[in-house]
Amino acid sequence: MNEIEREERYGARNYAPLPVVLSHGKGVWVWDVDGTRYLDMMSAYSAVSHGHAHPRLVAALTAQAQRLAVVSRAFYSDRLGAFLERLCDLTTLGGALPMNTGAEAVETAIKAARRWGYSVKRIPAGRAEIIVAEGNFHGRTTTIVGFSSEPAYRADFGPFAPGFVRVPFGDIDAVRAAITPNTCAVLFETIQGEGGIIVPPGGFLRELRQLCTEQNVLLLLDEIQSGLGRTGKWFAYQHENIVPDGVMLGKALGGGLLPVSAFVARRDVIDLFEPGSHGSTFGGNALAAAVALEALDVMADEDLPGRSAEMGEYLLSRLHAIHSPVIREVRGRGLWAGIEIDPSFASAHELSLQLLRRHILAKETRTTVLRLAPPLVIGRSEIDLCIAALKAVLAEAEDRP
Ligand SMILES: *Cc1c(COP(=O)(O)O)cnc(C)c1O
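Within any chain, residue numbers begin from 1 and follow the written order of that chain's sequence. Per-residue local features are limited, in this predicted model, to residues with pLDDT of at least 70; the limit for side-chain atom pairs, both in listing and counting, is 80 or more; totals at the level of whole chains, interfaces and linings are taken over all residues. Values reported for side chains reflect all heavy atoms of the structure, with hydrogen atoms and water molecules removed beforehand.

> An account of the packing of helix 3 (residues 55-67) against helix 11 (residues 286-301) is needed here, citing residue identities and associated values.
To describe two helices that pack against each other, one gives the angle between their axes and the distance between the axes. With their axes 9 Å apart at the nearest point, helix 3 and helix 11 run at an angle of 160° to one another. Taken together, the axes of helix 3 and helix 11 lie roughly antiparallel to each other. When the axes of helix 3 and helix 11 are compared, the crossing they make is right-handed. Contact with helix 3, carried on its side by Arg56, Leu57, Ala60, Leu61, Gln64 and Ala65, involves Ala286, Leu287, Ala290, Val291, Glu294, Ala295, Asp297, Val298 and Asp301 of helix 11 and no other residues of that element. Gly falls in the polar group here, along with every residue not listed as nonpolar (Ala, Val, Leu, Ile, Met, Phe, Trp, Tyr, Cys, Pro) or charged (Asp, Glu, Lys, Arg). Class assignment of the residues belonging to the contact of helix 3 with helix 11 gives a composition of ten nonpolar, one polar and four charged. Note on geometry: axes are C-alpha line fits, over the in-contact stretch for helices, and angles between N-to-C directions span 0 to 180 degrees. In this description a helix means any DSSP run of H or I spanning at least four residues, a strand means any run of E spanning at least two, and both kinds are numbered starting from the N terminus. Roughly parallel covers angles under 35 degrees, roughly antiparallel covers those over 145, roughly perpendicular covers 65 to 115, and oblique covers all other angles. Crossing handedness is defined as follows: a turn of the near helix away from the far one that is anticlockwise and smaller than a right angle gives a left-handed crossing, while the clockwise case is right-handed. Only heavy atoms enter the contact rule, under which two residues are in contact if any of them lie within 4.5 Å.

If you want it as structure tokens, here you go:
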């Protein structure tokens, strides 16, 4: 039995991996079990923004693992405070609650929003509403998939939690119309990732910030995929110079080594959690805190957001310069591109299979969007390799009847 067969035989088949078995990685490169090298243009959905096996992060991980890893939040550790302080400094927000996976950070934001709604805004018990977007992706818990608009995420997993109202993404009038006296929060991705790299219209975030302030509604932004340099800024909301009331971080926060997430928010919102109200056995453990703090330090020292802005501009300009009938649209910001594929030529999945043959790792999101989101340490020559492979794959798709 080979590794693919073994996974299929003993694992749940909730993913459809591309047929390559990876065994090690370094920077933007990964190698399969036969020693073939691939360019990673996906970076584990942004979890590996620092690149694979970053020496400083591996050193922080191994040093901390030998000292102290998990003590639970029943005790203080000499690692957590500095990590939380850095999150507050970076966001200019007042407090942070550490969790592990992105979905847990979103669940934390939902709890905070509802608490704030009842205890501060005086919404009648059990009536709090949160406005979310069509095409959203916030994780896989039953509450979160309950307000997804994607049938594949929801099918047969109900009954779902009430209290969510969906509006089209990027439509300020729709948000305004959806706000009621029972609305406690708006919860959006700043740029939709799984939804297909959907950038809202310019000015939307500023208007949304103003609307939420006027209507006494919390603005909570999920930056789990868009944050930490991906779009060329530390946080995607900085493109419009706003500050949300709360932000969810994850993925790259763990430096590509561990699951680390956090909900960072205004101090008065974070203060709504009293002892016993929320928690996680592993959340904020010393190992996670040490690695995440180093991940933030590396991001600053190597100016990964600045690199993402510069290399992202290069990537997007190279993509825009491709003239192929197979491409309907190229969207993106920073090192984050969505290529909308005309399905009459090929599915995005077929293209990702063809790219794999040319040793480029990329994956579709939804059926028609090919996503490129390499580690932020990528350089021009590696982007050129990817573009050359993509052009060849597109030319083949064009020739197909
Ligand atoms: C990946 C993602 C999540 C969920 O993160 P997990 O670590 O998989 O639970 C939530 N929100 C956004 C925007 C994401 O991209």
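> Tell me about the site of the ligand, and name the residues and values.
Distances are taken per atom, and a residue is near a molecule or strand as soon as one of its heavy atoms is within 4 Å of it. In the vicinity of the ligand, the contacting residues are Thr101, Gly102, Ala103, Phe137, His138, Gly139, Glu189, Asp222, Ile224, Gln225 and Lys251. Within the backbone of Gly102, an N or O atom sits 2.8 Å from an oxygen atom of the ligand. Distance and chemistry together define a polar contact, namely a pair of N or O atoms within 3.5 Å, with one atom able to donate a hydrogen and the other to accept it when in protein, and with adjacent residues in sequence counting only for side-chain atoms on both sides. Between the ligand and Ala103 there is a distance of 2.8 Å, counted from an oxygen atom to a backbone nitrogen or oxygen. For every accessible area listed, the method is Shrake-Rupley and the probe measures 1.4 Å; residues are considered covered only by the protein chains on display. When the ligand sits alone it has 380 Å² of accessible area, and the protein chains cover 82% of it. Grouping the amino acids of the shell around the ligand by side-chain chemistry returns three nonpolar, five polar and three charged.

> Which residues make up the sheet that holds strand 1 (residues 22-26), and what are the values?
Think of it this way: DSSP has to see at least two bridges between two strands before they count as a pair. With mixed pairing, four strands are arranged side by side in an open sheet as 1-2-3-13. Where the open sheet ends on each side, the last strands, each with one partner, are strand 1 and strand 13 (360-361). Examined bridge by bridge, strand 2 (residues 29-32) and strand 3 (residues 37-40) share three bridges and lie antiparallel to one another. Directly across from Val30, in strand 3, lies its bridge partner Tyr38.

> So what's going on with the side chain of Arg331? Residues and values would help.
Tracing the backbone shows Arg331 in strand 11 (residues 327-332). Within the local environment of Arg331, its side chain forms a polar contact with the backbone oxygen of Ile197, the two atoms lying 3.1 Å apart. Separated by 2.9 Å, the side chains of Arg331 and Glu340 make a polar contact. Among all residues touching Arg331, those that are not within four sequence positions of it are Gly196, Ile197, Ile198, Leu316, Trp336, Ala337, Gly338, Glu340 and Val369.

> Explain the environment of Ala292 to me, using residue names and the numbers behind them.
With respect to the helices and strands, the residue Ala292 is situated in helix 11. Residues Ala292 and Phe83 lie 209 residues apart in sequence; the distance between their C-alpha atoms is 7.0 Å. If we skip the residues at most four places from it in the chain, Ala292 touches Phe83, Leu253 and Val260.

> Now, about the packing of helix 13 (residues 348-357) against helix 14 (residues 380-399): what can you tell me, with residues and values included?
Direction vectors running N to C along helix 13 and helix 14 enclose 130°, while the axes themselves pass 10 Å from each other. By the criterion of interaxial angle, the relationship of helix 13 to helix 14 is oblique. In the crossing of helix 13 with helix 14, the sense of the turn from one axis to the other is right-handed. From helix 13, Leu351, Gln354, Leu355 and Arg357 reach across to helix 14, where they touch Ala389, Leu390, Val393, Leu394, Glu396 and Ala397. Grouping the constituent residues of the contact of helix 13 with helix 14 by class yields seven nonpolar, one polar and two charged.

> Give a detailed account of the sheet that holds strand 8 (residues 218-222), specifying residues and quantitative values.
On the basis of which strands lie adjacent, the open sheet formed by seven strands has the order 4-10-9-8-7-5-6 and mixed pairing. The open sheet has two edge strands with one neighbour each: strand 4 (95-99) and strand 6 (164-167). Geometrically, the sheet is characterised by an average inter-axis angle of 20° between neighbouring strands, direction not taken into account. Across four bridges, the pairing between strand 5 (residues 129-133) and strand 6 is parallel. Looking across to strand 6, one finds that Ala133 is bridged to Val167. Packed on one face of the sheet, helix 4 (residues 80-91) meets strand 4, strand 9 (246-249) and strand 10 (261-265) and runs near 125° to strand 4.

> Describe the pattern of salt bridges, and please don't skip the residues or the numbers.
Take a side-chain nitrogen of Lys or Arg and a carboxyl oxygen of Asp or Glu: if they are within 4 Å of each other, that pair is a salt bridge. Counting across every chain of the model gives 21 salt bridges. A salt bridge links Asp78 to Arg67; the shortest N-O distance between them is 2.9 Å. Of this pair, Asp78 sits in the loop between helix 3 and helix 4 while Arg67 sits in helix 3, placing them eleven residues apart in sequence. Three labels apply to residues, based on accessible area from a 1.4 Å probe with only protein chains included: buried if under 20% of the type maximum, exposed if over 50%, partly exposed otherwise in between. With a relative accessible area of 49%, Arg67 lands in the partly exposed category. Taking the shortest distance from any N to any O, the salt bridge between Arg331 and Glu329 comes out at 2.8 Å. Among the charged side chains, a salt-bridge network with shared partners connects Arg209, Asp245, Arg266 and Asp268.

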